[in-house]
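Examination of the molecular architecture
In case you want the letters, here they are:
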Amino acid sequence: MPLDPHIAALLETMAEAGAPPMYDGTPEAGRAQYLALTAGARAPEQVVPVASVENRTVPGAEGDLGARVYRPEGEGPFPTVVFFHGGGWVIGDLDTHDNMARTICRDSRALVVAVDYRLAPEHPFPAAAADAVAAARWAAAHLHELGGDHRLAVAGDSAGGNLAAAVAQQLHADGTAVVAQFLVYPAVDAAGDYPSRTENGEGYLLEKATMDWFYGHYAGAWDDAKDPRLSPLHAPDLAGLPPALIVTAEFDPLRDEGAAYGEALRAAGVEAEIHCHAGMIHGFFDMAAVSPAARAAVEQDCAGFGELLHR
């Protein structure tokens, strides 16, 4: 299928703006650029409504982390979803992913706890993974305090999908029940070499050079690319993990590794559904305002995740 025309027009507009590639700049510049493209470009009427939003802190691996709790409309208690934002472990924050967290909260009918884990290069691997596990363990022990019921799930996009997958593995090893994992175009195999990285490595927002830039800042000094905290696909045993909904996009360099993780989960006896959206690119979850097809894909994915949560 060809690239979605609305997304193609967005990419053309961005190219005409002439902004330098993120990988040619500093992490600070990349963070500012990403914030401007997401929260900075979001009109008030595009903010997804939820019942309430609470800013708070949660424990990380080495100190408190910023967090944001989203509660849906309706009669609870609801399942609790610990959400990790994307951005290559280098950029992104609670504000860049505010609408994604709101959308999951509303459309999956869940209480969402978004976690602002430490970023690289100031805090290289495994800092983000350690923070994600610590925050999820805390949430598991405080579900009722947060306003949720007994159900706990994890979710994230891109690097956040990587963290969500790693957290699901660690909580399973802990013996903590997790009912579902929602992995949106996740980065799950730092050691892999996939056709989609070549086919989609330029021109579709997330580029191979940017992926290398992210990885270099986060884990360039780490000597084991198959460490499961970095590459969840290479965990020695995937059996017993929670049901997964894995979302990929046709024109995403991460497409093939997301699908590979879904197939590996299935081979281990784990229920895994893979949604590959034709015509979409990496980041389409934040493009509902410009692309009706992206909006429909997001609605489908969040509804599917909601079905897993509310069985």
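So, a few notes on the structure that sits alongside this text. (Residues numbered from 1 in each chain as written. Predicted model: local features only at pLDDT ≥ 70, side-chain atom pairs only at ≥ 80, totals over all residues. Heavy atoms only, no water.)

Quick notes on the sheet that holds strand 4 (residues 111-116)
What counts is decided by this rule: We call two strands paired when DSSP finds no fewer than two bridges between them. Numbering of helices and strands starts at the N terminus; helices are DSSP runs of H or I of at least 4 residues and strands are runs of E of at least 2. Helix axes are fitted only over the stretch in contact, all axes being lines through C-alpha atoms; the angle between N-to-C directions runs from 0 to 180 degrees. For this analysis, residues touch if any pair of their heavy atoms sits within 4.5 Å.
The strand order 1-2-4-3-5-6-7-8 describes an open sheet built from eight strands, whose pairing is mixed. With one partner strand each, in any of the chains shown, strand 1 (52-59) and strand 8 (272-277) form the two edges of the open sheet. Ignoring strand direction, the axes of neighbouring strands in this sheet form an average angle of 20°. Sheet strands in contact with helix 3 (residues 98-107) are strand 1, strand 2 (64-71), strand 3 (78-84), strand 4, strand 5 (148-157) and strand 6 (180-184), and its direction is about 45° off that of strand 2. Relative to the sheet, helix 10 (residues 292-309) contacts strand 3, strand 5, strand 6, strand 7 (244-249) and strand 8, its axis offset from that of strand 6 by approximately 165°.

Let's talk about the nonpolar core
Here is the rule: We define a nonpolar core as any set of buried Ala, Val, Leu, Ile, Met, Phe, Trp, Tyr and Cys residues linked to one another through side-chain atoms lying within 4.5 Å. When a residue's accessible area, from a 1.4 Å probe over protein chains only, is under 20% of the maximum for its type it is buried; when over 50% it is exposed; and in between it is partly exposed.
Core analysis: the biggest nonpolar cluster contains 60 residues, and Phe84, Val115, Leu163, Val167, Tyr218, Tyr261 and Leu265 have the highest contact counts within it. Looking at this core, the element that brings in the most residues is helix 4 (residues 127-141), giving eight residues. Leave out the neighbours within four places in its chain, and Tyr218 touches Gly88, Trp89, Ala120, Pro124, Phe125, Pro126, Ala128, Ala129, Leu163 and Leu230. Counting residues in hydrophobic clusters, the runner-up holds 37 residues, among them Leu11, Ala110, Val184 and Ile281.

A look at the pattern of salt bridges
The test is simple: In the sections that follow, a salt bridge refers to a side-chain nitrogen of Lys or Arg positioned within 4 Å of a carboxyl oxygen of Asp or Glu.
Evaluation of the coordinates by the stated rule reveals 19 salt bridges. One salt bridge in this structure joins Arg42 and Asp286, with 3.5 Å as the shortest N-O distance. With a gap of 244 residues between them, Arg42 in the loop between helix 2 (27-37) and strand 1 and Asp286 in the loop between strand 8 and helix 10 connect regions that are remote in the sequence. Here Asp286 falls in the partly exposed class, since its relative accessible area comes to 36%.

Observations regarding helix 2
Condition: This arc corresponds to the set of directions leading from the helix axis out to the C-beta atoms.
Pro27, Gly30 and Tyr34 are the residues of helix 2 that are buried. Viewed end-on, helix 2 has its buried residues packed into an arc of 55°, placing them on one side of the element.

Re the packing of helix 4 against helix 6 (residues 159-174)
Helix-helix packing is described using two parameters, namely the angle between the two axes and the distance between the axes. Going by this rule: With respect to orientation, any angle under 35 degrees is reported as roughly parallel, any angle over 145 as roughly antiparallel, any angle of 65 to 115 as roughly perpendicular, and every other angle as oblique. Whether a crossing is left-handed or right-handed is set by the direction in which the near helix is turned from the far one by less than a right angle, anticlockwise for left-handed and clockwise for right-handed.
Running from N to C, helix 4 and helix 6 point in directions that differ by 55°, and their axes come no closer than 9 Å. Our classification of the angle between helix 4 and helix 6 gives oblique. Here the hand of the crossing between helix 4 and helix 6 comes out right-handed. Seen from helix 4, the contacting residues are Ala128, Ala129, Ala132, Val133, Ala136 and Arg137; seen from helix 6, they are Leu163, Val167, Gln170, Leu171 and Asp174.

What to know about the environment of Val154
When you line up the elements, Val154 lands in strand 5. It is 9.7 Å that separates the C-alpha atoms of Val154 and Pro242, two residues lying 88 residues apart in sequence. Residue contacts for Val154: discarding those within four places in its chain leaves Val81, Val82, Ala164, Val167, Ala168, Val178, Ala180, Gln181, Phe182 and Phe305.

A few points about the packing of aromatic side chains
What counts, and what does not: Ring pairs shown here join Phe, Tyr and Trp side chains whose ring centres sit within 6.5 Å, with only the six-membered ring taken for Trp; geometry is labelled stacked below 30 degrees between planes, edge-to-face above 60, and tilted in between.
A complete count under the given rule lists nine aromatic pairs for this structure. Relative to Tyr218, the ring of Trp89 has its centre 4.4 Å away and its plane inclined at 10°; by these criteria the two rings are stacked. Note that Trp89 is positioned in the loop between strand 3 and helix 3 and Tyr218 in helix 8 (residues 208-219), a separation of 129 residues in sequence. Of the two residues examined, Trp89 and Tyr218, each falls in the buried class. Judged by centre distance (5.7 Å) and plane angle (70°), the ring pair of Tyr185 and Phe284 falls under edge-to-face. Highlighted residues: Tyr185 in the loop between strand 6 and helix 7 (195-199) and Phe284 in the loop between strand 8 and helix 10, separated in sequence by 99 residues.

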